[in-house]
Amino acid sequence: MIAHRATTFTESVIREMTRIANDHDAINLAQGFPDFPMPAPMKDAAAAAIQGDINQYAITWGAPALRVAVAEKYRRWYGLEVDPDREVTVTCGATEAMAATFLALVDPGDEVVVLEPFYENYGPDAILAGAKPVFVPLEPPEWTLDPDRLRAAFGPRTRAIIVNTPHNPSGRVLSRDELSLIADLCIAHGVWAFTDEIYEHIRYAGAHHPLAAWPGMRERTVTISGLSKTFSCTGWRLGYAIAPAAAAGAIRKVHDFLTVGAPAPLQAAAAVGMAFGADYYNRLAADYRERRDLLASALTESGFAFTVPEGAYYVLADFSALGGDDDVTFAKWMTREVGVATVPGSSFYHDPALGRNLVRFAFCKRRATLEEAARRLATLAAKI
Ligand SMILES: Cc1ncc(COP(=O)(O)O)c(C=O)c1O
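This is a predicted model, so every value here is computed, not measured.

Student: How would you summarise the environment of Cys-233 if you had to cite specific residues and measurements?
Tutor: Structurally, Cys-233 can be placed in the loop between β8 (221-226) and β9 (239-242). Considering only alpha carbons, one finds Cys-233 and Leu-150, 83 residues apart in sequence, at a separation of 34 Å. Leave out the neighbours within four places in its chain, and Cys-233 touches Met-38, Leu-227 and Ser-228.

Structure, rendered in C-alpha cells:
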C-alpha cells in the first residue's frame, strides 16, 4: 500500500535516460552533471575538514562560516544585505531548499504559478505541498513570457510564483522588463516569489538580476541557489534559501525535520569556494560559452532547430525536421542508434503533447566528450 500523493508523479525521466545511456554506452547529454573535476582548493578543504574531525551535525540551518560566506556573496555581487543569523538556511541542495520552502510557505489548495517548460522538480514540489500549479508558457522559439498570460494566471488563490533564471531547460535569461512585471504582480497580489538561481554564474550575455533586489521584493522573495552548478559538485548536495526572518524560521523548521542538516565537512569546504574572486566566475562562464558554441554548431549541422541559450547549460532543440516520432521514441532511438542521450521534451511540460517535438541536450561536459557527441550527431541524418 502506498500513499496517494506518491502515485501522482512519476520517477524522474532524466534518471531513466541515464540508465538507458549506460546500457548502450551512449554519451550522456541527458543529466545535468559535469564530467570534469570541481575546484581543487574545495576538494582539499573537504578532505582537511574530514581529517580535522568536522564530522558531526552542523547547526541545523547551516555552519556559521558558510552562512556568513553566503551573506557576504550577496552583498558583494548584488548589493543585497542578508543577515546570516536570521535569513540564511543551508540545505541539501537547491532541491531541498525549494521543497522546504513550498512546505513552509504554501498551504494545501493554494495556487503556485510555474513558467513552462519547467525544471521537473517543481511539479512534485507542488503536489507534496498540496498546491495547484498554474502553468504559464515561455513561448517558443525564443521562450519569451507573454505579459497578458502571466497577468491572467494571478488570482485570489495565488500564493507564489517560481522564477528560474537562467532557465532550465530553455537557456533563457529573463529580461529586466519580464522580472519587473513579475515583481509588480507579486506586490499587487501579495504573492511570494520563490526564485531558483542555481545557474546565476553560467551566463553568456548580460548580468544576473536577483528578484529580491527589486523594490518591494526583498520581503516577499525566497532566493534559492546552491553550489552544484557553480562549483561543479552536484554530488555534494549543498544549497541554500535566503528569506525574510519569519519565513526563514518556518523554512528552518521544515528543513530540520526533513534532513536535520547538510553535510558538515562539505559546508566547511563550501565556504572556501564562496570566497573565490571574480576570476573564477569569469573563467566558469567563458568555459561554458565554448562548450555551448561547440554543441550548438553540431546541433545546427545535424538538423535541429533551437534558440541559442543565454544562460544555464542546456539546449532545448526541436527535431521536427528530422522525423515524425514523438520525443520519448526519438530520444530512446537516438540513445540506441546514435549513441547520444538526451531528455525527452515532454518531461518539462504538464501536458506531454507540448514537448513532443523537443529534446534537451546538456553541455556541462569536457570538450572531448562534446566533440565525440558532435561526431556521433553527424551520423544522425543517415540513420533516420
Ligand atoms: C533549475 C534547477 N534547479 C535546481 C537543480 C538542482 O540543484 P541542487 O543540485 O542544488 O539540488 C537543478 C539541477 O539540474 C536545476 O536545473
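Still to come is the rest of the account.
Student: Tell me about the site of the ligand, and name the residues and values.
Tutor: Taken together, 14 residues surround the ligand, and among them Thr-95, Asn-168, Asp-196, Tyr-199 and Ser-228 come closest. Between the ligand and Asp-196 there is a distance of 2.6 Å, counted from a nitrogen atom to a side-chain nitrogen or oxygen. For the ligand, an oxygen atom lies 2.7 Å from a polar atom in the side chain of Lys-229. Alone, the ligand offers 400 Å² of accessible surface; in the complex the protein occludes 92% of this. For the shell around the ligand, the leading source of residues is helix α5 (residues 93-105), giving three residues. Here the shell around the ligand is built from residues that sort into six nonpolar, five polar and three charged.

Student: Talk me through the pairing of strand β13 (residues 358-362); I want residue IDs and the actual numbers.
Tutor: Burial of β13 is extensive: five of the five residues sit out of reach of the surface. A two-sided burial pattern is seen for β13, the buried positions comprising Leu-358, Arg-360 and Ala-362 on one face and Val-359 and Phe-361 on the other. Two elements, strand β12 (residues 343-344) and β13, share two bridges in a ladder whose sense is antiparallel. When the sheet's bridge partners are listed, Val-343 is paired in β13 with Arg-360.

Student: Quick rundown of the packing of helix α3 (residues 40-51) against helix α10 (residues 264-274)? Include the residues and the values.
Tutor: To describe two helices that pack against each other, one gives the angle between their axes and the distance between the axes. Running from N to C, α3 and α10 cross one another at 145 degrees; their axes reach a closest spacing of 8 Å. Of the two elements, α3 crosses α10, and the hand of that crossing is right-handed. Counted together, Pro-41, Met-42, Ala-45, Ala-46, Ala-49 and Ile-50 of α3 and Pro-265, Leu-266, Ala-268, Ala-269, Ala-270, Val-272 and Gly-273 of α10 form the full contact between these two elements. Residue classes in the contact of α3 with α10 are distributed as twelve nonpolar, one polar and no charged.

Definitions and limits used
Residues numbered from 1 in each chain as written. Predicted model: local features only at pLDDT ≥ 70, side-chain atom pairs only at ≥ 80, totals over all residues. Heavy atoms only, no water. Helix = DSSP H or I, 4+ residues; strand = E, 2+ residues; numbered from the N terminus. Contact = heavy atoms within 4.5 Å. Near = heavy atom within 4 Å. Polar contact = N/O pair within 3.5 Å; in protein donor to acceptor, adjacent residues only side chain to side chain. Areas by Shrake-Rupley, 256 points an atom, 1.4 Å probe, with all protein chains shown as cover. Nonpolar A, V, L, I, M, F, W, Y, C, P; charged D, E, K, R; others polar. Buried < 20%, exposed > 50% of the residue type's maximum accessible area, 1.4 Å probe, protein only. Pairing = 2+ DSSP bridges. Axes fitted to C-alpha atoms, helices over the stretch in contact; angles between N-to-C directions. Left-handed = near helix turned anticlockwise from the far one by under 90°.

Just geometry here; none of it tells us what the structure is for.
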